[in-house]
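Next come the chains, spelled out residue by residue.
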Amino acid sequence: KEDETYPQVRGLLEGLNDAQRVAVTTTDGPLLILAGAGSGKTKTLVHRIAYLIRAKQLSPSRLLAVTFTNKAAAELRERIAKLLSLTGQPIYVPWVGTFHSICVRILRRDIEQLGWERNFVIYDEADTLAVVKQVMQALGIDQKQSNPRAIRAFISGAKNELLTAAEYSSQADGLFMETVAQVYVRYEAELRRAQALDFEDIILTTVQLLKKHEAVRSHWATYFSYLMIDEYQDTNKPQYELTRLLARDHHNLCVVGDDYQAIYGWRGANFRNILNFERDWPNATVIKLEQNYRSTGTIVDAASSLIRHNVQRTDKMLWTATDAGQPISIYAASDEIDEARFIVRELKRLHATYSWQDMAILYRTNAQSRVIEAALLDELVAYRMVGGVRFYERKEVKDALAILRVVNNQRDLAAIERITKSLSLGIGPKALTLLRTETLPAARSAHPKIHRLFTQIDQLAALNQPPAELVIT
């Protein structure tokens, strides 16, 4: 029937089960899609977006789809483009990205409303930790008694609760929290001085922008007339508030998630956001995707029996049309060494049927690899480590990026300090103190080596060359 009404959507509803089809064609108003594990969530998202563009004739630029990882965003864009291409019409992919990437695009346009410059920089974990240590040193706080990483983690936690430095200070209780509050205030001042945002600031500052400037909020809320949020069970308070601010006028908000798969509480995620969706949006439609396409019947039944013990949960029951499959086996290891030896024994047993290259060991933390590697070596099993240091975490890459950051923003003190240490420019602690406490012209005139560094920075900026051509000596 839909194909007859909308010839342009032919094929967009094929291959969907009944629940998926309803989720795809329910387009207006708040919609909660409870997608169980392996229930075709991404497929449903892709078809719904394509349906909005083809059947509703919605301009792709007016649709915002938010995922939690860049990889998921890339996959979503690719699959949307592939599906839309089947209709034989021009392909325009909507805004698809992570919360952070979308917020950066908003801030690059409108952050000046908050008194910031558009060429702000984003500090990574190493940069922010360096700032915390500098602040602690300036305040005379012993880093042996108060761990800088712990203080940075508490500041991050405060921001994930939408608490400014002043608000956190007003409720600080106890010596450690008071120390955190003291560092937090100075830390924010240092970031503002460097025109830098940390990772949490990206969403927090966007929320502040939309709350303080109604014209800006109204612009983006109107621009994105349809919102789709993936993995909604993993949203934290700033992400929840950002979603509410963007959708509160039109209510065209579709969230997809599964409270059974909420695992990021340690990052500030609140699974109650998905449990409370019907309370927050009273007219919401709720659709459950309960058919599992990924696992055997034994696995689905075992998982369902375990999750039923959760006190706070949505009411859904996964099922599968596949066979029961292999029974579940459990090994209770006495310690990590026993666990590693069991893994190697199982690998050697499986090697009678499978080649080594068909087997892999997955572990959650890098600390686990040492014991497993030792067990493999003891049994003379050759192995290959996959991964290692990430590209953007390599020293030489971070050094190069630091140079580019200073070319872009000469007040980026974290990048300046990295350059001076990595390149051995003879700029010591006293000179760095000058940069932190004086204006740049004053620091340049007071210290010849600072003047030489920034003369080269000026020359590089004036060249307007590709990054590969920029060199500091």
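So, here is what we can say about the structure in this document. (Residues numbered from 1 in each chain as written. Predicted model: local features only at pLDDT ≥ 70, side-chain atom pairs only at ≥ 80, totals over all residues. Heavy atoms only, no water.)

## Some thoughts on the pairing of strand β7 (residues 253–257)
Then comes step 1: Most of β7 is tucked away, with five of its five residues classed as buried.
Then comes step 2: Side chains of β7 alternate between two faces, with L253, V255 and G257 and C254 and V256 buried alike.
Then comes step 3: Pairing between strand β1 (residues 31–35) and β7: four bridges, direction parallel. By the bridge assignment, L32 is partnered in β7 with V255.
Then comes step 4: Each parallel crossover has a hand, and the one from strand β6 (residues 226–229) via helix α12 (residues 237–247) to β7 is right-handed. (Buried < 20%, exposed > 50% of the residue type's maximum accessible area, 1.4 Å probe, protein only. Helix = DSSP H or I, 4+ residues; strand = E, 2+ residues; numbered from the N terminus. Pairing = 2+ DSSP bridges. Right-handed = clockwise from strand over helix to strand, strands pointing away.)

## Considerations on a nonpolar patch on the surface
Then comes step 1: Taken together, the side chains of I299, I328 and I330 present a nonpolar region at the surface, about 320 Å² in accessible area.
Then comes step 2: With respect to the helices, strands and loops of the structure, I330 is situated in the loop between α15 (297–307) and α16 (336–350). (Patch = residues over 30% accessible without salt bridge, like charges linked within 9 Å, V, L, I, M, F, W, Y side chains within 5 Å. Areas by Shrake-Rupley, 256 points an atom, 1.4 Å probe, with all protein chains shown as cover. Salt bridge = Lys/Arg side-chain N within 4 Å of Asp/Glu carboxyl O.)

## With respect to the side chain of D127
Then comes step 1: With respect to the helices and strands, the residue D127 is situated in helix α6 (residues 125–139).
Then comes step 2: A polar contact of 2.8 Å, which involves the side chain of D127, links it to the side chain of R405.
Then comes step 3: In contact with D127, other than residues within four places in its own chain, are R405 and A414. (Polar contact = N/O pair within 3.5 Å; in protein donor to acceptor, adjacent residues only side chain to side chain. Contact = heavy atoms within 4.5 Å.)

## Focus: the state of the cysteines
Then comes step 1: In the structure shown here, the tally under the stated rule is zero disulfides.
Then comes step 2: With no disulfide of its own, C103 lies 19 Å from the sulfur of C254, the closest cysteine sulfur. (Disulfide = S-S within 2.5 Å.)

## Side note on the pattern of salt bridges
Then comes step 1: Tallied over the full model, the rule gives 31 salt bridges.
Then comes step 2: The shortest N-O distance in the salt bridge between R149 and E125 comes to 3.9 Å. Taken together, the residues R149 in helix α7 (residues 148–160) and E125 in helix α6 connect sequence positions 24 residues apart. Side by side, R149 and E125 carry an identical accessibility label, which is exposed.
Then comes step 3: Residue R405 is joined to D127 by a salt bridge in which the shortest nitrogen-to-oxygen separation is 2.8 Å. In this pair, R405 is assigned in helix α18 (residues 395–408) and D127 in helix α6, connecting sequence segments 278 residues apart. D127 shares its class with R405; the two are buried.
Then comes step 4: What you see here is one network of salt bridges that share partners, running through R152, K159, E188, D198, E200 and D201.

## Notes on the nonpolar core
Then comes step 1: The biggest cluster of nonpolar side chains holds 40 residues, and the ones touching the most others in it are L64, W220, L242, L253 and F277.
Then comes step 2: Those elements that place two or more of their residues in this core are β1, β2 (63–67), α5 (99–110), α10 (199–212), α11 (214–223), β6, α12 and β7.
Then comes step 3: Beyond its immediate stretch of four places on either side in the chain, F277 contacts P30, L31, L32, Y232, L253, V255 and A284.
Then comes step 4: Ranked by size, the runner-up nonpolar core spans 26 residues in total, among them V46, L52, I53 and A65. (Core = buried A, V, L, I, M, F, W, Y, C linked by side-chain atoms within 4.5 Å.)

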